[in-house]
Amino acid sequence: MDFDSENLSELQRHQHYEAHFNSSSSKQPSSSKFRKPAIPKDLFKPCSFQLPLRKKPADEFWYPTLSRPPPDNYCPGLIPLLKCALKKSHTKGSTRRAVLCYESATHICVEAFDRRWGCGYRNFLMACAALMDQQIQSIYFALLDDPFPPSVRNLQRWIEAAWKEGYDREGAKDLRNLVDTNKWIGTAELYTAFTFRGVPSQLVDFDLSKSEKGIQVMIDWIVQYFSPPNSKQGTVTDVLRGASPVIATDKMPLVLQFNGHSQTIIGYEISKNGDTNLLVFDPSRPPRLSMRRAAIAGTSVVWEQSRTNQVLQSVMHPASNGRSSKLKRPSSSSDIQQHKRTKSSESDDEIIIVEDFNEPKNGQRSSVSAGQTQPSTLDPGHVVNHFRLGMSKLKRKQNYQILYFPMTDPWSIEERDKRKVVTSISCC
């Protein structure tokens, strides 16, 4: 019997995520006891019927400015949610500083049909969703949307069309026919696809075996990419923004490729001990349902303490004698100033904060709405941990490749022709 990947549990999906880093069928016995007597054939006419056709995967593409709701495997709004969770982490002393990418970046997860091979395609779609929403180079939208928009299967057609025009002959020779197959692709194929459409991108190679600093070389490069420039002069807003411990930038996400898997880097975090953690959207690791609902709703979130912090608080503040301050969810704007009440409990006391994490742009909410009326309850530590990629895991690999977008003007036909052969910059 074939393995049914649609029934993968969350634990099995997590084991699949970790693996990238590190009986015959029986016949049903027949019973003659219930055998019916033969029926004369002339008493009935056999009727013909057709089994229902299996529905093909939708293979949809969605980006934040669309008015229709996102597909189930898309999750916009995670960057503002993560930003707020990181601020809570900073307040508790777990995070020194964090820098995030463009706030409209969308997490896109593999589906049943591409679960075993679709990571490269889904990272491509995450890049496209951000590139088609940003306004630094608004012309990118038309380049990516015409003659057909991005999707998993459309990307396969897209790459083959580039091959026919002479792009990446080495990749074309290796992969051959790509359309409607389950073949893996990597950052080299993504570079070919973007170059073919005229969207500037660049590959950067990291061979950690050649550097005494090891993984720190790549970490430093990523930190420099996301960090805003240090300018001595600027507006008051620029100064305040630079002083904030957690900020979002206008930088596009990065695509990180290593042996067997790829992920989208959405920023970095410096922990309390000074280590740098990458923050990633992993296409094989969807956010929890409660996290997705909160991100899409873009309204109030109930931030609650983890059990560990509850214990620490009881030790550090024994005078409370089991009583803790709990912030009540405001039922209306008039109640916002009267939100404190006491609660007596023998165990599991917690501090809950109701906060609107998604700051409206120009006074308007996002076009995405989940129709949610009650705030979601989330632990900020759990939210941050979901996206962390620590040094210990990164050190397990020696070779990495990053695809990034310099956000320069679109390439002309002549500039595209010069880049038909895939090249990369070597950092070590």
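Report on the accompanying structure. (Residues numbered from 1 in each chain as written. Predicted model: local features only at pLDDT ≥ 70, side-chain atom pairs only at ≥ 80, totals over all residues. Heavy atoms only, no water.)

### Brief notes about the nonpolar core
Here is step 1 of the chain: Phe194 and Phe206 are the most contacted members of the largest nonpolar core, which totals 94 residues.
Here is step 2 of the chain: Sort the elements by how many residues they give to this core and helix α3 (residues 119-131) lands first, with nine residues.
Here is step 3 of the chain: Excluding anything up to four places from it in sequence, Phe206 contacts Val217, Met218, Trp221, Gln398, Asn399, Tyr400, Ile402, Cys427 and Cys428. (Core = buried A, V, L, I, M, F, W, Y, C linked by side-chain atoms within 4.5 Å. Buried < 20%, exposed > 50% of the residue type's maximum accessible area, 1.4 Å probe, protein only. Helix = DSSP H or I, 4+ residues; strand = E, 2+ residues; numbered from the N terminus. Contact = heavy atoms within 4.5 Å.)

### Concerning the environment of Phe141
Here is step 1 of the chain: Mapping Phe141 onto the fold places it in helix α4 (residues 140-145).
Here is step 2 of the chain: With eleven residues separating them along the chain, Phe141 and Ala130 place their C-alpha atoms 9.9 Å apart.
Here is step 3 of the chain: Look past the residues within four positions of Phe141 in its chain and what remains in contact with it is Tyr63 and Met132.

### With respect to the packing of α3 against helix α7 (residues 187-197)
Here is step 1 of the chain: Put simply, α3 and α7 touch, their axes get as near as 10 Å, and they point 35 degrees apart. Seen from above, α3 lies across α7 with right-handed handedness. From α3, Gly120, Phe124, Ala127, Cys128 and Leu131 reach across to α7, where they touch Leu190, Ala193 and Phe194. (Axes fitted to C-alpha atoms, helices over the stretch in contact; angles between N-to-C directions. Left-handed = near helix turned anticlockwise from the far one by under 90°.)

### A look at the pairing of strand β4 (residues 202-207)
Within a regular strand, side chains alternate between the sheet's two faces.
Here is step 1 of the chain: Note: β4 against strand β15 (residues 399-404), six bridges, orientation antiparallel. Bridge pairing links Gln202 to Tyr404 in β15.
Here is step 2 of the chain: Both β4 and strand β16 (residues 425-426) contribute to a ladder of two bridges, which runs parallel. Across the sheet, the residue bridging to Asp205 is Ser426, located in β16. (Pairing = 2+ DSSP bridges.)

### Some points on the pattern of salt bridges
Between side chains of opposite charge, a pair can form when the charged atoms approach closely.
Here is step 1 of the chain: Tallied over the entire structure, the rule returns eight salt bridges.
Here is step 2 of the chain: For Glu60, the salt bridge is made with Arg68, and the minimal N-O distance between the two is 3.7 Å.
Here is step 3 of the chain: The partner of Lys420 in a salt bridge is Asp417, with the nearest N and O atoms 3.6 Å apart.
Here is step 4 of the chain: What makes Asp417 partly exposed here is its relative accessible area of 40%.
Here is step 5 of the chain: Several salt bridges share partner residues, and in doing so they unite Glu111, Asp114 and Arg122 into one network. (Salt bridge = Lys/Arg side-chain N within 4 Å of Asp/Glu carboxyl O.)

### Focus: unusual backbone geometry
Here is step 1 of the chain: Following Asp146, the chain continues into Pro147 via a peptide bond in cis, with omega recorded as 10 degrees.
Here is step 2 of the chain: Within the chain, Asp168 stands out as a residue other than glycine whose phi angle is a positive 45 degrees.
Here is step 3 of the chain: Residue placement: Asp168 occurs in the loop between α5 (152-164) and α6 (169-175).
Here is step 4 of the chain: Not every positive phi belongs to a glycine, and Met407 is a case in point at roughly 60 degrees.
Here is step 5 of the chain: Position of Met407 relative to the elements: it lies in the loop between β15 and α14 (413-417).

### Considerations on the pairing of β15
Here is step 1 of the chain: Counting buried residues in β15 gives five out of six residues, a clear majority hidden from the surface.
Here is step 2 of the chain: Where strand β6 (residues 254-258) and β15 come together, four bridges link them in antiparallel fashion. Bridge pairing links Gln257 to Gln401 in β15.

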